[in-house]
Amino acid sequence: MTAMDTIDLHTHSTYSDGTLSPRQIVDLAAATKLKAVAITDHDTTAGIAEALARGRELDLEVVSGVEISAQLDGQSMHLLGYGIRHDDPLFLERLGVLQTARKDRNSRIFAKLNTLGIPARIDQLPPTPGQTGRPHIARLLIAQGVVQSMDQAFARFLRRGAAAYVESYRMPADHAIAMIAQAGGLAFLAHPVGDDPKLKTVAALLKKLKDVGLAGLELYYPTHTPQTHAKLHKLGRELGLLFSGGSDFHGASKPHMPLGGRPNDKPVPYQLLAAIKARLNSRPSTERQS
Ligand code: AMP
Ligand code: FE
Ligand code: FE
Ligand code: ZN
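Everything quoted here is computed from the prediction, not taken from an experiment. (Residues numbered from 1 in each chain as written. Chains lettered and ligands numbered in written order. Predicted model: local features only at pLDDT ≥ 70, side-chain atom pairs only at ≥ 80, totals over all residues. Heavy atoms only, no water.)

### Overview of the overall build of the protein
A tally of regular secondary structure across the protein gives 10 helices and 9 strands. Relative to the compact-globule value of 19 Å for 290 residues, the protein shows a C-alpha radius of gyration of 19 Å, a close match. Its C-alpha atoms give the protein principal-axis dimensions of about 55 × 40 × 40 Å. Across the protein, contacts joining residues at least 24 apart in sequence account for 73% of those joining residues at least 6 apart. As displayed, the protein offers around 13,200 Å² of accessible surface, 54% of which is attributable to carbon and sulfur atoms. Seen as two clouds, the 34 positive and the 28 negative side-chain charges of the protein have centres 4 Å apart. (Helix = DSSP H or I, 4+ residues; strand = E, 2+ residues; numbered from the N terminus. Rg over C-alpha atoms; globule rule 2.2 N^0.38 Å. Contact = heavy atoms within 4.5 Å. Areas by Shrake-Rupley, 256 points an atom, 1.4 Å probe, with all protein chains shown as cover. Lys, Arg positive; Asp, Glu negative; His and termini not counted. Charge placed at Lys NZ, Arg CZ, Asp CG, Glu CD.)

### Description of the pairing of strand 2 (residues 36–39)
Taking every second residue as pointing to the same face, both faces of strand 2 are buried, with A36 and A38 on one and V37 and I39 on the other. Across 2 bridges, strand 1 (residues 6–8) lies against strand 2 in parallel orientation. Following the sheet pairing, D8 is matched in strand 2 by V37. Crossover connection from strand 1 via helix 1 (residues 22–31) to parallel strand 2: handedness right-handed. Bridge count for strand 2 against strand 3 (residues 61–72) is 4 bridges, and the pairing is parallel. Within strand 3, the position partnered with I39 by the bridge is S64. (Buried < 20%, exposed > 50% of the residue type's maximum accessible area, 1.4 Å probe, protein only. Pairing = 2+ DSSP bridges. Right-handed = clockwise from strand over helix to strand, strands pointing away.)

### Overview of the coordination of the iron ion (ligand 3)
At 2.1 to 2.2 Å from the iron ion (ligand 3) lie its protein donor atoms, namely E67 (OE), H78 (ND1) and H191 (NE2). For the iron ion (ligand 3), the single-chain donor residues occur in sequence as E-x10-H-x112-H. The metal-metal distance between the iron ion (ligand 3) and the iron ion (ligand 2) is 5.8 Å. You can see E67 sitting in strand 3 and its partner H78 sitting in strand 4 (residues 75–82), a full 11 residues away along the chain. Judged by relative accessible area, H78 falls into the buried class, the value being 17%. (Donors = N, O, S within 2.8 Å, 3.2 Å for Na, K, Ca; no water.)

### Description of the pattern of salt bridges
Taken as a whole, this structure holds 12 salt bridges when the rule is applied. Residue E61 pairs with K277 through a salt bridge whose shortest N-O separation is 2.7 Å. With E61 in strand 3 and K277 in helix 9 (residues 270–282), this residue pair connects regions lying 216 residues apart in the sequence. For the salt bridge of K234 with E238, the shortest nitrogen-to-oxygen distance reads 3.1 Å. (Salt bridge = Lys/Arg side-chain N within 4 Å of Asp/Glu carboxyl O.)

Structure follows, in structure tokens:
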């Protein structure tokens, strides 16, 4: 496959926890000769308009996306939405619920840090154009000399089970899928391996999600071994699911992961996006416009 056929459908910009602006991601996608790129920020579509505008300038295909934290029967997951109307009023209102929950969680993380004797304050976080989360808090702790690195910040304070950890709000998966569909999009299970490296629970999870409207799964992901890829491909085909793929690019927040994936990662083929677009265009117009 030539580089011209490669895409990346999973990236984070400065509107969530990435370090490049949407415009810079599109510039980088063009410079690295990707054929299409999706911006999939956590809980926000505020960066999409900027990416679409830059895509039009550079004649590079940009896909409107989002990543939502969800749960089903106590199992946590991330859901990606593709092809959403990024400015749909009802969609924005529903994202607002997640954004409020995030702010509340951040306050509670700072309260825990203060209890531990760390004087960091929420108003010391540098302003961001979008959603603030644990990576921003980690960077503040580094700047204040409390820890030396992101890893240390997560290990000592921010990861699940650590001293200042606060559970995040997770939307019921059926609601997340419905809100994506309502805005004209298709929902995909992100990094399906998650906490299930032996793929013991993913088949049952995919069946349940498919029953509530899941359209596809993220087949190409940097952590997937050839065996994982083969198993997920088989599962997806059996369930009639579409496939997506991406690097989960975060810029300098994940410096080891370049846009489009590392040199030895399986490149994500454009055909996946062609199939996604065919499904988007074949859906009843009520779902696209209601
Ligand atoms: P939040 O959305 O606030 O729960 O933050 C989750 C984000 O934190 C993930 O999307 C990652 O980008 C980042 N993250 C999680 N663990 C680590 C870690 N050990 N080091 C650096 N970043 C991390
Ligand atoms: Fe992230
Ligand atoms: Fe994720
Ligand atoms: Zn992600």
